[in-house]
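Chain and residue survey
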Amino acid sequence: MAMAIHPTAIIAEDAELGAGVEIGAYAIVETGVRLGEGCKLASHAIVRANSRLGEGVLVDSFAVIGGEPQMNGFDPETFSSVVIGAGTRIRAGVTVHRSIR
């Protein structure tokens, strides 16, 4: 399966992209991200650092995966991540934040 990556997408050099990944216009894939085979990121989707998406995950436009937790006092130096299971559909505008640990 060939990858289809729009030329305006921004993808970190160390991001791991599985076979058949599709990444839309202006989408952002940060450092340490792993996208499983057949993942689709729509235009303007953002996958933040160290997030893991299983096979066949869809992230629709304006969704943000892996941002900092919405917790007062969270130390941004704490390593945490988001893992999205295979086949999950994340629709437009959804945010999924990292865990606090």
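Refer to the preceding data block for the structure.
Residues numbered from 1 in each chain as written. Predicted model: local features only at pLDDT ≥ 70, side-chain atom pairs only at ≥ 80, totals over all residues. Heavy atoms only, no water.

Section: the side chain of Ser61
The line we're drawing: To qualify as a helix, a DSSP run of H or I must reach at least 4 residues; to qualify as a strand, a run of E must reach at least 2; elements of each kind are numbered from the N terminus. Any residue under 20% of the maximum accessible area for its type is buried, any over 50% is exposed, and the rest in between are partly exposed; the area is computed with a 1.4 Å probe on protein chains only. Contact criterion: two residues are considered in contact whenever any of their non-hydrogen atoms come within 4.5 Å of each other.
Position of Ser61 among the secondary structure elements: in the loop between β10 (58-59) and β11 (64-67). With a relative accessible area of 16%, Ser61 lands in the buried category. If sequence neighbours within four positions are ignored, Ser61 has contacts with Ala42, Ser43, Ala92 and Gly93.

Points about the sheet that holds strand β8 (residues 46-47)
Two pairing modes exist for strands in a sheet, parallel and antiparallel, and in both the strands are linked by backbone hydrogen bonds. This is how it is decided: When DSSP finds two or more bridges between a pair of strands, those strands are recorded as paired.
As summarised here, the arrangement of the five strands in space is β2-β5-β8-β11-β14, forming an open sheet in which the pairing is parallel. The outermost strands of the open sheet, each flanked by one partner alone, are β2 (10-11) and β14 (95-97).

Regarding the side chain of Arg98
Inclusion rule: Each polar contact in these results corresponds to two N or O atoms within 3.5 Å; when the atoms are within protein, one needs to be able to donate a hydrogen and the other to accept it, and residues that are neighboring in sequence are counted only if both atoms are side-chain atoms.
The topology assignment puts Arg98 in the segment after β14. Separated by 3.5 Å, the side chain of Arg98 and the backbone oxygen of Thr78 make a polar contact. There is a polar contact of 3.0 Å between the side chain of Arg98 and the side chain of Ser80. Leave out the neighbours within four places in its chain, and Arg98 touches Gly66, Gly67, Glu68, Pro69, Phe74, Pro76, Thr78, Ser80, Ser81 and Val82.

Quick look at the nonpolar core
Our working definition: The term nonpolar core refers to a set of buried residues drawn from Ala, Val, Leu, Ile, Met, Phe, Trp, Tyr and Cys, joined through side-chain atoms within 4.5 Å.
Core analysis: the biggest nonpolar cluster contains 20 residues, and Ile23, Leu35, Leu41, Leu53, Val59 and Ile65 have the highest contact counts within it. Apart from the residues within four sequence positions on either side, Val59 is in contact with Lys40, Leu41, Ala42, Ala45, Leu53, Ile65 and Ile90.

Structural notes on unusual backbone geometry
Of note in this structure, His44 is not a glycine but carries a positive phi near 70 degrees. Positionally, His44 belongs in the loop between β7 (40-41) and β8. Despite not being glycine, Phe62 has its phi angle at roughly 65 degrees, a positive value. Inspection of the secondary structure assignment puts Phe62 in the loop between β10 and β11.

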